[in-house]
Amino acid sequence: HFPLTIRYARNLGLDCMGMTGKFHTTWGDFSSFKNPAALEYECFMMLANGAKCSVGDQLHPEGEICQATYDLVGDVYSRVEAAEPWCRGARPLTDIGVMTPEEFTGGSHGDLPEAAMGAVRMLQEGAQQFDIVDSHADLARYKVLILPDAIEVNENLATKLSAYVDGGGALLASHRSGLDPAGEKMAVQEFGVQLKGEAPYSPDFLTPEAEIGDGLAETGHVMYLRGVEVEAGSSAKVLASVAVPCFNRTPEHFCSHNHTPSSGRLEYPGIVQNGRCIYFAHPVFTQYTQNAPRWCKQLVLNALGRLLLEPLVQLDAPSTALATLNQQDEPARLVLHLLHYIPERRGARFDVLEDVIPLHDTGVSVRAPGPVSAVRCVPSGDEIPFELDEGRVRFVL
């Protein structure tokens, strides 16, 4: 919840505060203690995303505080205090805006759209720098705008998106994003596709060409959720085609325990590029929230690589590493937060985080807006050797 919500809230011109608790489960869980690594992770995520920190506790009815609770909070807050000079007045630097479907699909307390959640996870795991935005945002500040799965486009938004592309911006959309509010036709002509209707087969199999399929086997990859069938225009390039199954799995046409295998027949486009716009026919972001197929994430990140040639941050690190880049004016500096914490489903009800596993010899590259005098690890102040290479700062942490 927090990584998505803060990336929207921090752009509203208001102070933001992250809220967690000292409890192992939830509020009112007396005589329980959050694992120190988990509390550290949550507070550091707040700092890295421009939020202030708050840790909730509940006083015993007798009115005496629990010393162990404040030993736990105090230990983590001592490290928060040490980091404060690099967090005050910091603002995020971002390449990408992700439009939230909540504006169009509605939402309720504690309920966030699966498409938006999937986009956040993919981009975090790819070390991308991004905000969550709505249709009223100033799009000119982003190099790429992502419309995940369910962004309906009325006439006003279509005009705004066209102006954004004309001004040099790039679009990445999926599934029903870009369709008109009735869901009957493509309202964003820049994608170079026309809607034919719901895909006739599901699951079907996305078969990418070499570049968009970098890092994946040269074969079909199952797409569990039904996509749409589109037709590519003459100016568009099909980056991946859809192979259909032998038949849709029904009581009359049955195969195995899960779904029918591919027939190998390529019948309609799955990923299409038209200039600086790329369109996915499947709900890849919702799918990633549900069961995280690596190929969905890899295809999205490969597509971003075609639209965003010089991302702000590049990491030679596992996908469990999180990176956020901020900027301070006084003093003038960039602040890169690198976190490595791995939540695990050790119990049946929720993820826990117990151990901090350090990374070593981590390669980092940052696109710098101007000259760089030093790279330091803070708060220790240790200088790190670095190289400047065509506007990028490269170093090993």
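Going by the structure above, here's the rest.
Here we summarise the structure given alongside this text. Note that the structure is predicted; figures quoted are calculated from it, not measured.

1. Examining the overall build of the chain
For the chain, the helix and strand inventory stands at eight helices and 22 strands. Against the compact-globule benchmark of 21 Å for 397 residues, the chain has a radius of gyration of 23 Å, which places it among compact chains. Viewed in the frame of its principal axes, the chain has a C-alpha envelope of about 65 × 55 × 40 Å. Taking all 397 residues of the chain together, the buried fraction comes to 48%. Residue pairs at least 24 apart in sequence account for 70% of intrachain contacts in the chain once pairs closer than 6 positions are excluded. Taken as a whole, the chain presents about 19,700 Å² of accessible surface, with 50% of it coming from carbon and sulfur.

2. Overview of the packing of helix α2 (residues 36-48) against helix α3 (residues 67-83)
Between α2 and α3, the least distance of the axes is 10 Å, while the angle of their chain directions is 30°. Between α2 and α3, the crossing angle belongs to the class labelled roughly parallel. The handedness of the crossing between α2 and α3 is right-handed. Between α2 and α3, the residues in contact are Pro 36, Leu 39, Glu 40, Cys 43, Phe 44 and Leu 47 and Leu 72, Val 73, Val 76, Tyr 77, Arg 79, Val 80 and Ala 83, respectively.

3. A look at the environment of Glu 84
Tracing the chain through its elements places Glu 84 in the loop between α3 and β3 (91-92). Under the relative-accessibility criterion, Glu 84 is labelled partly exposed at 31%.

4. Description of the pattern of salt bridges
Per the stated rule, a full pass over the model turns up 22 salt bridges. Among the salt bridges present, the one from Arg 10 reaches Asp 131, with a minimum N-O distance of 2.8 Å. Of this pair, Arg 10 sits in the loop between α1 (2-9) and β1 (17-21) while Asp 131 sits in strand β5 (residues 130-133), and the two are 121 residues apart along the sequence. As far as the burial class goes, Arg 10 and Asp 131 line up, both buried.

5. Considering helix α8 (residues 294-307)
Helix length check: α8 (14 residues) gives 20 Å between terminal C-alpha atoms against 20 Å at 1.5 Å per residue, within 8%. Buried residues dominate α8, accounting for 10 of its 14 residues. Buried within α8 we find Cys 296, Lys 297, Gln 298, Leu 299, Val 300, Leu 301, Asn 302, Ala 303, Leu 304 and Leu 307.

6. Some thoughts on the pairing of strand β17 (residues 333-340)
Where strand β16 (residues 321-328) meets β17, eight bridges bridge the pair, whose relative direction is antiparallel. Bridge pairing in β17 places Leu 322 opposite Leu 339.

7. Description of the side chain of Asp 131
Using a relative accessible area of 0% as the deciding quantity, one classes Asp 131 as buried. There is a polar contact of 2.8 Å between the side chain of Asp 131 and the side chain of Arg 10. In this structure the side chain of Asp 131 is engaged in a polar contact, spanning 3.2 Å, whose partner is the side chain of Thr 94. The residues contacting Asp 131, other than those within four sequence positions of it, are Arg 7, Arg 10, Asn 11, Pro 92, Thr 94, Ile 96, Gly 97, Val 98, Arg 141 and Tyr 142.

8. Some remarks on the nonpolar core
By size, the foremost hydrophobic cluster in this structure holds 41 residues, and its most contacted members are Ile 96, Ile 146, Ile 271, Phe 280 and Phe 285. Setting aside residues no more than four positions away along its own chain, Phe 280 makes contact with Leu 172, Ala 173, Ser 174, His 175, Gly 270, Ile 271, Leu 299, Val 300 and Ala 303. If you look at the next biggest cluster of nonpolar residues, it comprises 29 residues, including Met 99, Ala 158, Leu 179 and Val 228.

9. So, the sheet that holds strand β15 (residues 313-316)
Taken together, four strands build an open sheet; the order of strands is β15-β18-β22-β21 and the sheet is antiparallel. A single partner strand is all that each edge strand has here, and the edge strands are β15 and β21 (386-389). Adjacent strand axes in the sheet meet at a mean angle of 15°, parallel and antiparallel pairs treated alike.

10. Overview of unusual backbone geometry
The general pattern is negative phi for most residues beyond glycine and trans for most peptide bonds. The peptide bond linking Glu 330 to Pro 331 adopts the cis configuration, its omega dihedral lying at -5°. Along the polypeptide, Pro 331 turns up in the loop between β16 and β17. Residue Val 378 is joined to Pro 379 through a cis peptide bond whose omega torsion reads 10°. You can see Pro 379 is positioned in the loop between β19 (376-377) and β20 (382-383). Even without glycine at this site, His 175 takes up a positive phi of about 55°. With respect to the helices and strands, His 175 occurs in the loop between β7 (170-174) and β8 (193-198).

Parameters and conventions
- Residues numbered from 1 in each chain as written.
- Predicted model: local features only at pLDDT ≥ 70, side-chain atom pairs only at ≥ 80, totals over all residues.
- Heavy atoms only, no water.
- Helix = DSSP H or I, 4+ residues; strand = E, 2+ residues; numbered from the N terminus.
- Rg over C-alpha atoms; globule rule 2.2 N^0.38 Å.
- Buried < 20%, exposed > 50% of the residue type's maximum accessible area, 1.4 Å probe, protein only.
- Contact = heavy atoms within 4.5 Å.
- Areas by Shrake-Rupley, 256 points an atom, 1.4 Å probe, with all protein chains shown as cover.
- Axes fitted to C-alpha atoms, helices over the stretch in contact; angles between N-to-C directions.
- Parallel < 35°, antiparallel > 145°, perpendicular 65-115°, else oblique.
- Left-handed = near helix turned anticlockwise from the far one by under 90°.
- Salt bridge = Lys/Arg side-chain N within 4 Å of Asp/Glu carboxyl O.
- Expected span 1.5 Å × (residues − 1).
- Pairing = 2+ DSSP bridges.
- Polar contact = N/O pair within 3.5 Å; in protein donor to acceptor, adjacent residues only side chain to side chain.
- Core = buried A, V, L, I, M, F, W, Y, C linked by side-chain atoms within 4.5 Å.

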